[in-house]
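Survey of secondary and tertiary structure
One letter stands for each residue in the lines below.
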Amino acid sequence: MATVLVQQQSLHHSTPPPSPLPSALTVNRRPSPIPNKHIPVCPPGPTPSTPPQPASPVLRSDQPSSLLYPPDERLRIGRAPSPAVYAIEASKLAAAMDHQASQPLPDPSQMFPWLHGLHPDNHLQIGFFQSRKRHSRRSPKCWRGLTVVKLGGDLSKSRIKGAVSPNEVIAPSARFLMADPQEGFSVRNFHIQTAKLAAMSDIVVYAEDDSSQAALVALADQFATAQHAWRLKMDPLQERPTYNTFIVATPFSELEKEHPDIIAVDSKGQTTDHAMDFGHWERREMCTMSRATEISANVWLGSTPEFMQMAGAPLPKDETYDLLIEASDQANIPGPRYLAKLDRELETGPQRMEFPSSGSLILPSGNTREVEDIVNTIRWIYYLAHPETPADEHDTDSDVTMASSSGKHRKVLIHCGDGYTETSLLAVAYFMFAEGVPAHEAWLRLHCDKKRNFFAYQTDVAFLCHIQGRLLQESPAAQTQATDVAGTWDPNWFHNMDGSFPSRILPYLYLGNLTHANNPELLWELGIRRVLSIGEAVNWSDEDRATWGPDNLMYIDNVQDNGIDPLCQEYDRCLDFIEKGKRDGSATLVHCRVGVSRSASICIAEVMACKKLSFPRAYCYVRARRLNVIIQPHLRFVYELLQWEEHQMRKRNEPVKRELEWQTVTREIALLNKPYSRG
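All values derive from a computational prediction rather than experimental measurement.

**Digging into the pattern of salt bridges**
For the coordinates displayed, the defined rule picks out 34 salt bridges. Salt-bridge contacts for lysine 341 lead to glutamate 345; the nearest nitrogen and oxygen are separated by 2.7 Å. One end of the pair, lysine 341, and the other, glutamate 345, are both in helix 10 (residues 336–345), 4 residues apart, so they sit about a helical turn from each other. What makes lysine 341 partly exposed here is its relative accessible area of 41%. Judged by its relative accessible area of 26%, glutamate 345 falls in the partly exposed class.

What follows is the structure, encoded as C-alpha cells:
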C-alpha cells in the first residue's frame, strides 16, 4: 500500500466498496480442539423489584479523553461538505491505543442495561430491563471507543491488536450494523459488542502493503458517512464530541517494524506475544493443568503430546513412552488377540492403541465378554508396567502374554486432548486395579494425592461400581493387602455425587455448583472446610452446620444472574473470606447454582488478585480448570472484572493499562463459545 497522501481532493463516492466477506467470527478462528465442554443454562432469577445500589459511589459522566480528538485539520483528506477523513501515522495510532487502555471504564450503571442489547422490537428483553430504568435504551454519553478495521477483513495475517473486519461493524449501505437481537432474552450477548460500540468510536482503517489505496479511501468514506448518519439520528443536539475516521498513512511493513507492541499477527501470519489470544491461552492453561504425571508405577496420565505442541506448551524433557493409549469415543474394547499382537510389536519400538472414552460404555447386565475384555486390558497394562510380578494361572489368557518377553518395565501414557475428560474411566479403573482400592478411594487419591483434575460421568460411576469386584478380585495389590472384596462399600458422599468433583482452581480454592455444596461429606473428604455461597443458600442439616461452624459458612444474598445485580461490591468481603481459609491451611468452595457465572466471577477476581493477572489471563486460567463446563460470567460481571483489573493495578501502584479493551474481550469470548453454542 502506498503512503496515503494528505491533499485537498474529493472522496470518490463512485468507487465500489469491497465485496462483503463472511464475518471474522466464523472464518478466522478454528474451532477449539478441547472436547466435551458444554455451556450450561444459567437461570436469571426474578426481575429485581427495586433498583440495585450503584457499584461505586462516584459516577463518571464525562467521556474518556482521546489522543485522536480533536483531529488535526491539516491532515484531512478530501473537502467539505463530504464527511471528514483524516490521515494518521503509525506512531499516533500506537500512542492513541496506549492512551485508550489507560482510561478508566465508565461506571457500569451508566453502560447497563444498554450493553445487553435493547432492540425496539425485542419486547422480552426491553420488558425485563426497562421495568426499572425507563431511559435504558439511550446510548450512553460517557463512552468514547477506538475501533481498528482492516480492509478486506482477512485477520489471519497483518492484524493490528483488536482489529476487526469491516462487515463486523458496517453494512454495505454505509450504516453501522444494528447489532441488538430482535428476539429472545440474554445477558450474554458478547457477540454484539464490537458492532454496538463501533458507532461511538473513532474508526481507524488500514490495509496491507499491496492493497489498493482507492479501496482503502472508499472504505474510510463509508465509515465517515456512517458516523455522520448515526450522529444525525442519535445525537441531534450534538451532546457528544464528534467521532472521526482515520486512515493509517504508514505502510504496514513499517508499522510492524516500528511498533511491534500493537501487532497481534504479523505479515507472515505468525502470532506475536504482544496481544493475548484467548483460544491459544486457554489451550496453554489446559496443558499446564493436565501435564502428564505418574498416577501409578510406570503409568502416566495427561494430555495428548500433539495437543500440547499445538497449544505451544513445551513438552517435558526425556518424556518418552513405550505405549500411548488414547481414549476415544470411536474406539472399541481391545480383545485378547489384539493385545497379544501389540505385546509382540512393543519389542520393535513404541506403540499406540485406543480405548473407549469416559461416558461411552453402557452398564452391562452382568459379567459380559466386554467386561472381561476390559478387565483383561487393564491387567495387561499392569503387567507391562510390572513385568517382575508373576501372573497366576487364572490371570492368563491363552491369547495374551501377561509379561513382556524382554522383562523390561514399559512406560505407559493414558491420554486425550484435554488430559482428563475421555481418559477418566480408564484412569480410575486402572488405579483401582494397580493400587487395590475401591472406586471412591481411587477417586479421592487421584485427586488429593496425585493432584489430578479429572471429570467422570454418572454412567462412569455406575460402571466402575459394577466392575469393582472383578477389578479387586484380580488385583495383585488387593491380594497383597488382603482387601475384603465382599466387604467393600461405597460411602454416602460417593452415591450422592454426579461423577464430578468441584473444580480445583487453586490449592485452596474450589469452584462448584449447588449439588457440590449440598454434599458436605464430599467437601470434607476433599479438605474443603469453608463454603462461600453466592446467591444460593446451602440446604444443610443443623448437625452439619454445627460441625463446620458458622464462621466457615458465608452467604452472599440478593445477587441473581440477571445482568442487573452488581457483584463487584462483594469482592473484598468474599476474597477476605477465602484468604482466611488460605491462612488456616484449608480450602474454600465457592458456588452459586450452576457454578459458571456468579461464583466463577469471584474465582476470577481471586486469581487476578493473588496471581497478579489481567482479566483475560485470569478468565482463561479459571475457564481451563472448570472441568467439562464453560464458565459464563455475563456481560456486567465481565465489565466489573475489567474494572477490578484497573483497581488491582492502582492497588499495586502500577499505571493503569488494560491488556485488552472491552470490545476485544467480548469478541474473544464470543469466539471461544461459538463452537459450543446451539444453532
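**Some details on the sheet that holds strand 12 (residues 412–416)**
Strand order in the open sheet formed by 5 strands is 8-9-12-10-11, and the pairing between neighbours is mixed. Two strands bound the open sheet, and with one partner strand each, they are strand 8 (293–296) and strand 11 (351–356). Shown here is a sheet whose adjacent strand axes are inclined to one another by a mean of 30°, direction ignored. Strands in contact with helix 10 are strand 10 (323–328) and strand 11; relative to strand 11, the strand with the most contacts, it is inclined by about 155°. Here helix 12 (residues 424–435) sits on the sheet in contact with strand 8, strand 9 (299–303), strand 10, strand 11 and strand 12, set at roughly 50° to strand 8.

**Details of the environment of leucine 567**
Mapped onto the elements, leucine 567 comes out in the loop between strand 16 (553–556) and helix 20 (571–583). Looking at leucine 567, the relative accessible area reads 0%, which means it is buried. With sequence-adjacent residues up to four places away left out, leucine 567 is seen in contact with Ile534, Val559, Arg598, Ser601, Ile602, Phe637 and Glu640.

**So, helix 23 (residues 635–651)**
Because an α-helix completes one turn every 3.6 residues, residues spaced three or four positions apart along the sequence face the same direction. With 17 residues, helix 23 extends 24 Å from end C-alpha to end C-alpha; this agrees with the ideal 24 Å at 1.5 Å per step. By the criterion of burial, helix 23 is predominantly enclosed, with 14 of the 17 residues buried. Positive backbone phi, approximately 60°, marks asparagine 653, located one or two places after helix 23.

**Structural notes on the packing of helix 23 against helix 24 (residues 662–673)**
Angle between the axes and distance between the axes are the two parameters that describe a pair of packed helices. At their nearest, the axes of helix 23 and helix 24 sit 11 Å apart, and the two run at 135° to each other. With respect to helix 24, the element helix 23 is oriented oblique. Of the two possible hands of crossing, helix 23 and helix 24 adopt the one that is right-handed. For the pair formed by helix 23 and helix 24, the contact residues are Leu635, Val638, Tyr639 and Leu642 on the first element and Trp662, Val665, Thr666 and Ile669 on the second. Per-class residue counts for the contact of helix 23 with helix 24 are 7 nonpolar, 1 polar and no charged.

**Things to note about unusual backbone geometry**
Between tyrosine 69 and proline 70 the backbone carries a cis peptide bond, its omega angle lying at -5°. Mapped onto the fold, proline 70 is located in the loop between helix 1 (24–27) and strand 1 (76–77). The omega torsion across phenylalanine 112 and proline 113 is 10°, close enough to zero to call that bond cis. Tracing the backbone shows proline 113 in the loop between helix 3 (108–111) and helix 4 (123–130). Residue alanine 174 is not a glycine yet carries a positive backbone phi of 60°. Within the secondary structure, alanine 174 sits in the loop between strand 4 (159–160) and helix 5 (193–198).

About the thresholds
- All residue numbers refer to positions counted from 1 along the written sequence of the respective chain.
- In keeping with the model being predicted, local features are shown solely for residues with a pLDDT of at least 70 and side-chain atom pairs are shown and tallied solely at 80 or more, while totals for entire chains, interfaces and linings include all residues.
- Computation of side-chain values: all heavy atoms of the structure, hydrogens and water removed.
- Here, a salt bridge means any side-chain nitrogen of Lys or Arg that lies within 4 Å of a carboxyl oxygen of Asp or Glu.
- Per the convention used, a helix needs a DSSP run of H or I reaching at least four residues, while a strand needs a run of E reaching at least two, with both numbered from the N terminus.
- Only protein chains enter the accessibility calculation, which uses a 1.4 Å probe. A residue is then buried if its area is under 20% of the maximum for its type, exposed if over 50%, and partly exposed in between.
- Strands were regarded as paired on the criterion that DSSP finds at least two bridges between them.
- To define axes, lines are fitted to C-alpha atoms, for helices over the stretch in contact only, and angles between the resulting N-to-C directions are given on a 0 to 180 degree scale.
- Residue contacts follow a heavy-atom distance rule, with two residues in contact if any of their heavy atoms lie within 4.5 Å.
- An expected span of 1.5 Å times one less than the residue number is assigned to each helix.
- For this classification, under 35 degrees means roughly parallel, over 145 means roughly antiparallel, 65 to 115 means roughly perpendicular, and everything else is oblique.
- The hand of a helix crossing depends on one turn: near helix anticlockwise from the far one by less than a right angle means left-handed, and clockwise means right-handed.
- Ten residue types, Ala, Val, Leu, Ile, Met, Phe, Trp, Tyr, Cys and Pro, are classed as nonpolar, four, Asp, Glu, Lys and Arg, as charged, and the remainder, Gly among them, as polar.

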